[in-house]
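Examining the three-dimensional arrangement
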Amino acid sequence: RAAAEDPAVRVLVVSGAGEAAFSAGADISEFEHLRADPEAAARYVQVTVDGLAGFDAFSKPVIAMIHGHCLGGGLSIAMRSDIRLASEEAVLGIPAAAMGIAYQVENIERLVALVGLSAARDLLFSGRRIDAGEALRLGLVNLVVPRAELEHQVLAYAGRVAANAPLSVLYAKRAIGELAKPPADRSMGPVTELAARCAASLDQQIG
């Protein structure tokens, strides 16, 4: 929320703390008491849904800087990001089937949109982990670089986005977000208004 409200913030970069992972997903050791019965499991899922909704509502570009493991719920965070840049040693996967977990439908929808039906079935049915090279081939990540170059490459990319006209970037993100929805669910009015604001902006005059 703070980043969304700060006009000085043009791009948000999301990364994991430390060297081991972007996010290894949910802490399975918590399941015994946090998902002990259907009601508890529903509450657990709702907290996750509410957290991910923050990414969906965020109006500025979000870049996931993926190093190490990016699994399960961690991959759902990465898929909510607009751009995913990964290091060569990154490992991605969804182990839900091995634990009897129903991966959230919204996350499956994101996965299908990125990699297609066949690859989504493979990843979900098998629960296997894939390396960064395969993730790039599938379209799960946008770019793969050596670990030592990851932060530099991410910041350079973020800087390039931040240097562009913010209204134009906002318009592109909003338009893509609406076009990703079924036609009946799209709200194109705000997109059209943003296009008009771009046309009247000083940025466009300068450009």
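Up top is the structure these notes are about.
Thresholds, definitions, all that
- Residues numbered from 1 in each chain as written.
- Predicted model: local features only at pLDDT ≥ 70, side-chain atom pairs only at ≥ 80, totals over all residues.
- Heavy atoms only, no water.
- Pairing = 2+ DSSP bridges.
- Helix = DSSP H or I, 4+ residues; strand = E, 2+ residues; numbered from the N terminus.
- Axes fitted to C-alpha atoms, helices over the stretch in contact; angles between N-to-C directions.
- Contact = heavy atoms within 4.5 Å.
- Buried < 20%, exposed > 50% of the residue type's maximum accessible area, 1.4 Å probe, protein only.
- Arc of directions from axis to C-beta.
- Core = buried A, V, L, I, M, F, W, Y, C linked by side-chain atoms within 4.5 Å.

Sheet architecture is open: four strands sit in the order β2-β4-β6-β7, paired in mixed fashion. Bordering the open sheet on either side are β2 (21–23) and β7 (129–131), each of which pairs with just one other strand. For this sheet, the mean inter-axis angle between neighbouring strands, taken without regard to orientation, is 20 degrees. The sheet contacts of helix α4 (residues 73–80) involve β2, β4 (69–71) and β6 (91–93), and relative to β4 the element is tilted by about 90 degrees.

Moving on, we come to helix α6 (residues 117–126). An α-helical turn contains 3.6 residues, so a residue and the one three or four places further along point in the same direction. Within α6, the full set of buried residues consists of Ala-119, Ala-120, Leu-123 and Leu-124. Buried residues of α6 fall within an arc of 125 degrees about the axis and therefore sit on the same side. Facing away from the buried side of α6, by more than 90 degrees, are the exposed residues Leu-117, Ser-118 and Phe-125. Of the surrounding secondary structure, the elements contacted by the buried residues of α6 are α5 (105–115), β7 and α7 (132–138). Note on α6: the residue one or two positions beyond its end, Gly-127, has a positive phi of about 70 degrees.

Here the focus is the nonpolar core. In this structure, Ile-66, Leu-75, Leu-92, Leu-111 and Leu-140 are the most contacted members of the largest nonpolar core, which totals 29 residues. Elements with a minimum of two residues in this core: β3 (62–66), α4, α5, α6 and α7. Of the residues forming this core, the biggest block, four residues, is contributed by α6. In this structure, Leu-140 is in contact with Leu-75, Met-79, Arg-84, Leu-92, Leu-111, Leu-114, Val-115, Ile-130 and Ala-135, ignoring residues within four places of it in sequence. Grouped together as the second largest cluster of nonpolar side chains are eleven residues, Ile-83, Val-145, Ala-158 and Val-161 included.

The next subject is the pairing of β3. Note on strand geometry: in a regular strand, side chains alternate between the two faces of the sheet. In terms of residue burial, β3 counts as a mostly covered element, since five of its five residues are buried. Neither face of β3 is left uncovered, since the one carrying Val-62, Ala-64 and Ile-66 and the one carrying Ile-63 and Met-65 both have all their residues buried. Pairing between strand β1 (residues 12–15) and β3: four bridges, direction parallel. Bridge pairing links Val-13 to Ile-63 in β3. Note that β3 and strand β5 (residues 83–87) share four bridges and pair parallel. Bridge pairing in β5 places Met-65 opposite Leu-85.

Honestly, that's just the spatial picture; any functional story needs more than this.
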